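Letter by letter, the chains look like this.
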Amino acid sequence: MDNHIKCTITIQPDNEKIDCYSGDNLLQVLNESQVGIRSLCGGEGTCNKCLVIVKNGQYRELKKPQLSEEKKDKNYVLSCKVEIEGDMEIKIPEKSRLRKQQILTKDEDDFQKNFEQKIAKDPVYRQQIVKLPPPSLVDNSADLERFKRIFKKETDIEELTFPYSLIKELTTKLRKNDWQLSVSWIKYGKRGQIIDLDSATKKDYYGLALDIGTTTVAGKLINLGNNVEIASAGKYNKQIKFGEDVISRINYSKNHDQGLKTLQRTLIKTITYC
Ligand code: FES
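As the structure is a computational prediction, the values presented were derived from the model and not from experiment.

Colleague: Talk me through helix α6 (residues 246–255); I want residue IDs and the actual numbers.
Modeller: Of the residues making up α6, those classed as buried are S248, R249 and Y252. For α6, the angular spread of the buried residues around the axis is 95°, confining them to a single face. Exposed residues pointing more than 90 degrees away from the buried face of α6 are listed as V246, I247 and K254. Turning to α6, the residues buried within the fold contact α7 (259–272).

Colleague: So what's going on with the packing of α6 against α7? Which residues, and what values?
Modeller: Relative to each other, α6 and α7 sit at 130°, their axes nearing to 6 Å. Between α6 and α7, the angle is such that the two are oblique. Of α7, the residues touching α6 (which contributes R249, Y252, S253, K254 and N255) are G259, L260 and L263. Split by residue class, the contact of α6 with α7 holds 3 nonpolar, 3 polar and 2 charged.

Colleague: Tell me what's going on with unusual backbone geometry, and back it up with residues and numbers.
Modeller: Going from Q12 to P13, the amide bond is cis rather than trans, its omega being 10°. Along the chain, P13 turns up in the loop between β1 (6–12) and β2 (16–21). Even without being glycine, D156 reaches a positive phi, approximately 65°. By the element assignment, D156 lies in the loop between α4 (143–155) and β7 (159–161). What makes D156 exposed here is the crowd of 9 C-beta atoms within 10 Å. The backbone of Q258 sits at a positive phi, close to 60°, despite the residue not being glycine. Mapped onto the elements, Q258 comes out in the loop between α6 and α7. By C-beta crowding, Q258 is classed as exposed, having 10 other C-beta atoms within 10 Å.

Colleague: Give me the pairing of strand β5 (residues 82–91): which residues, what numbers.
Modeller: In this structure, β1 lies alongside β5, joined through 4 bridges in parallel fashion. Within β5, the residue paired with T10 across the bridge is E89. Two elements, strand β3 (residues 51–61) and β5, share 7 bridges in a ladder whose sense is antiparallel. If you follow N56 over to β5, its bridge partner there is E89.

Colleague: Summarise the sheet that holds strand β9 (residues 191–199); cite the residues concerned and give the values.
Modeller: Here 4 strands make up an open sheet; going across it, the order is β6-β8-β9-β7 and the pairing mixed. Two strands in the sheet have a free side with no partner beyond their single neighbour: β6 (125–131) and β7. Neighbour-to-neighbour, the strand axes of this sheet turn through a mean angle of 35°, independent of strand direction. Two strands pair when backbone bridges link them, and β6 and strand β8 (residues 180–188) are joined in this way by 7 bridges, in the antiparallel orientation. By the bridge assignment for β8, I129 is matched with S182. Helix-sheet contacts for α4 involve β6, β7, β8 and β9, and the interaxial angle to β6 is about 125°. Contacts between helix α5 (residues 164–176) and the sheet are confined to β8 and β9, with β9 contributing the most and set at about 45° to the helix.

What counts and what doesn't
- Residues numbered from 1 in each chain as written.
- Predicted model: local features only at pLDDT ≥ 70, side-chain atom pairs only at ≥ 80, totals over all residues.
- Buried ≥ 20, exposed ≤ 12 C-beta atoms within 10 Å, placed from the backbone.
- Helix = DSSP H or I, 4+ residues; strand = E, 2+ residues; numbered from the N terminus.
- Arc of directions from axis to C-beta.
- Contact = placed C-beta atoms within 7 Å.
- Axes fitted to C-alpha atoms, helices over the stretch in contact; angles between N-to-C directions.
- Parallel < 35°, antiparallel > 145°, perpendicular 65-115°, else oblique.
- Nonpolar A, V, L, I, M, F, W, Y, C, P; charged D, E, K, R; others polar.
- Pairing = 2+ DSSP bridges.

Structure representation (structure tokens):
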């Protein structure tokens, strides 16, 4: 039977409420809920950055902070070393809060300017309609040969990578679509790589640009067909519970079984809920 009971953490003075379970770690609960608490040492109990004041509630302190008498009287605890046992009411000192970072998803002018100047003019992802003449007595070379010849001529590339999985589909798709295909491909200088073959009707393709920072993760969803931004979002990087900087996170991955996997899963979780 699961003995964990549902609890509520109330953060004063805003009366903000967070649901959790007994046995949960207070710092993790706060950071999961996007409150954003500092944790320079990654929860080792050595940096004193994650201090919160407990007004009342049930909890177990696994390590007491070294503090002045005045702070001790106010009931400061290291949130990384507090196991929740019941409802709690806390106050978070300004010093313990992660500084509100500007999550750069709304800086539309700069983004649009950069995008138009650097990316839209010479995009990596491209779509091209390719029409092949059917094989004839004059040109009876294989479909792949004819395709490559025409594609290179029309796109001005010198080298083309064509994955085997798509080569297998080429012959059938060409015949099914009256020798005309919509080709999605990636351009690197004079080199190209085919990534998809479809009927010649243009479809929308989307790209996700991510900026993964130690504190925040920001993303933009772009329609690659017309270079229009569809959505943008940003969140605190949930990896923060493993330390504020890269070194703490490297230490975490080295000192814990499956540490690297845990960090990777946490990042994916951040991106998924962005
Ligand atoms: S003491 Fe460093 S995170 Fe709590």
